[in-house]
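Reading the structure
One letter stands for each residue in the lines below.
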Amino acid sequence: MKEQEIREIFDNQGEACERLGSPFTGRLCRLAGKRLAQGGAVADVILGWRGDASALGDSVPLRLAGALHALVIKGRSLLLAAVYPPNHEAVTDEALWAAIAAALRTEEAFILDRLTGPPQTNEVRRIGATLPMFLEVARRTGLPLVLSEVGASAGLNLFLDRYHVILGEQSWGDPAAAVHHAPKWRGEAAPVGDLTIADRAGCDLLPVDPGNPADRERMLSFIWADQQDRLDRTRAALDIAAASPIRVEKADAIDWLARCTATPMQGVAHVIYSTIAWQYIPKAARDEGEAIIRAAGARATTDAPLAWARMEIDGKTPGTGLTLALWPTGEEHLVGRADFHGRWIDWYGWP
């Protein structure tokens, strides 16, 4: 990509961070886009990025933001810590960039290494979008659920039944749970009913082990530094996941889908789902994965139903589409829209 295109990508990412409630990360991205200068090893790699540096590609601005945040979390840069949240509001752009520029020099090897890997978070608030879809499946089938998540990261959203979630005037889970979420709810009332999860599993090309300190630190570094509530919620969810023997499987999504749909699951409703993950699979593989799911749907029965729940970008605004398909009938509906981070849900319901 051309240098000017990459600078514009940093500016666009800054705007997106601001819209999603992180003015500090937005400021950091905009500063980097303006002030990175050729001649330093990190700047040369970024400004000469080979590939798509945008959010739909390699997300280079968020790779850099994650690397810098990791230095703060690890206590490796006192200069950065002094200008990072919660100290950032009184800090000038000049002081912030001076600390960043110093880190780019003194922690060059660490930052270059972090730039080689993609950002990876596990946004727990997306359970506000998946839970009503799961409740709808449970209501319509009357069966316990088996959850299969594609692109599950650390698998934190697989444990939504161990959290406390408020959807409008209704709530699920233990009010004393360590993880709470109450998205802004609009539209129809959420489905009502019991939710029993008989089993759960997930796959990811780069799974995060919630019990591994290095994995935890890396994932937390990609959470925006001025969003303390997200950091606290994710740490609590990591503790819950770490206490379980279930771990996300390192696997290609298409191979994994072929295996987990090979035989209909009797006596349960099998729910395949993803949250802002499907788009990162190459198109040819997405087409193959969809064909696998729909073929499995054609084999479903009332005693072994299959659902496909998606919280994915659909080219429309605001937010993301919530799409639910259910077999053996094969009905498929746009049941709502949601904020990328699950802060709000606009629920249409099943027609």
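Details of the structure are given in the entry above.
Everything numeric in this text was worked out from a predicted model, so none of it was measured. (Residues numbered from 1 in each chain as written. Predicted model: local features only at pLDDT ≥ 70, side-chain atom pairs only at ≥ 80, totals over all residues. Heavy atoms only, no water.)

As a further point, take empty space enclosed by the protein. Counted according to the given criterion, the structure contains 2 cavities of 30 Å³ or more. Its boundaries defined by the atoms lining it, the largest cavity holds a volume of some 90 Å³. Cys260, Thr261, Thr263, Pro264, Met265, His270, Ala296, Arg299, Ala300, Ala304, Pro305 and Leu306 are the residues that line the largest cavity. The residue makeup of the lining of the largest cavity, split by class, is 8 nonpolar, 3 polar and 1 charged. Reported here for the second largest cavity is a volume of approximately 30 Å³. Lining of the second largest cavity is provided by Ala154, Gly155, Leu158, Phe159, Ile246, Arg247 and Val248. (1 Å grid on protein atoms, 1.4 Å probe; cavity = no way out; pocket = protein on both sides within 12 Å on 5 of 7 lines; lining within 4 Å. Points joined across faces, edges and corners; volume = space filled by probe spheres on them. Nonpolar A, V, L, I, M, F, W, Y, C, P; charged D, E, K, R; others polar.)

Let's shift gears to helix H4 (residues 60-73). Taking 1.5 Å per residue as the helical rise, H4 with its 14 residues ought to reach 20 Å, and the 20 Å between its terminal C-alpha atoms agrees with that figure. Most of H4 is tucked away, with 12 of its 14 residues classed as buried. Buried within H4 we find Val60, Pro61, Leu62, Arg63, Leu64, Ala65, Gly66, Ala67, Leu68, His69, Ala70 and Leu71. A positive backbone phi angle near 75° is found at Gly75, which sits one or two residues after H4. (Helix = DSSP H or I, 4+ residues; strand = E, 2+ residues; numbered from the N terminus. Expected span 1.5 Å × (residues − 1). Buried < 20%, exposed > 50% of the residue type's maximum accessible area, 1.4 Å probe, protein only.)

As enumerated under the stated definition, the model contains 26 salt bridges in all. Salt-bridge contacts for Asp11 lead to Arg30; the nearest nitrogen and oxygen are separated by 2.7 Å. With Asp11 in helix H1 (residues 3-19) and Arg30 in helix H2 (residues 23-35), this residue pair connects regions lying 19 residues apart in the sequence. On the accessibility criterion, Arg30 (24% relative accessible area) is partly exposed. Salt-bridge contacts for Asp314 lead to Arg337; the nearest nitrogen and oxygen are separated by 2.8 Å. Highlighted residues: Asp314 in the loop between strand E9 (306-312) and strand E10 (320-327) and Arg337 in strand E11 (residues 331-338), separated in sequence by 23 residues. Residue Asp314 is classed as partly exposed on the basis of its relative accessible area, which comes to 32%. By relative accessible area, Arg337 is classed as buried at 5%. Within the structure, one salt-bridge network assembled from shared partners comprises Glu136, Arg139, Arg140 and Glu331. (Salt bridge = Lys/Arg side-chain N within 4 Å of Asp/Glu carboxyl O.)

Our next topic: the sheet that holds strand E4 (residues 180-181). In sheet architecture, strand pairing relies on hydrogen bonds along the backbone and comes in two forms, parallel and antiparallel. Taken together, the 3 strands give an open sheet; going across it, the order is E3-E2-E4, and neighbouring strands pair in mixed fashion. Of all strands in the sheet, those bounded by a partner on one side alone are strand E3 (170-172) and E4. Along the sheet, helix H8 (residues 127-141) contacts strand E2 (164-167), E3 and E4; its crossing angle with E2, the most-contacted strand, is approximately 80°. (Pairing = 2+ DSSP bridges. Contact = heavy atoms within 4.5 Å. Axes fitted to C-alpha atoms, helices over the stretch in contact; angles between N-to-C directions.)

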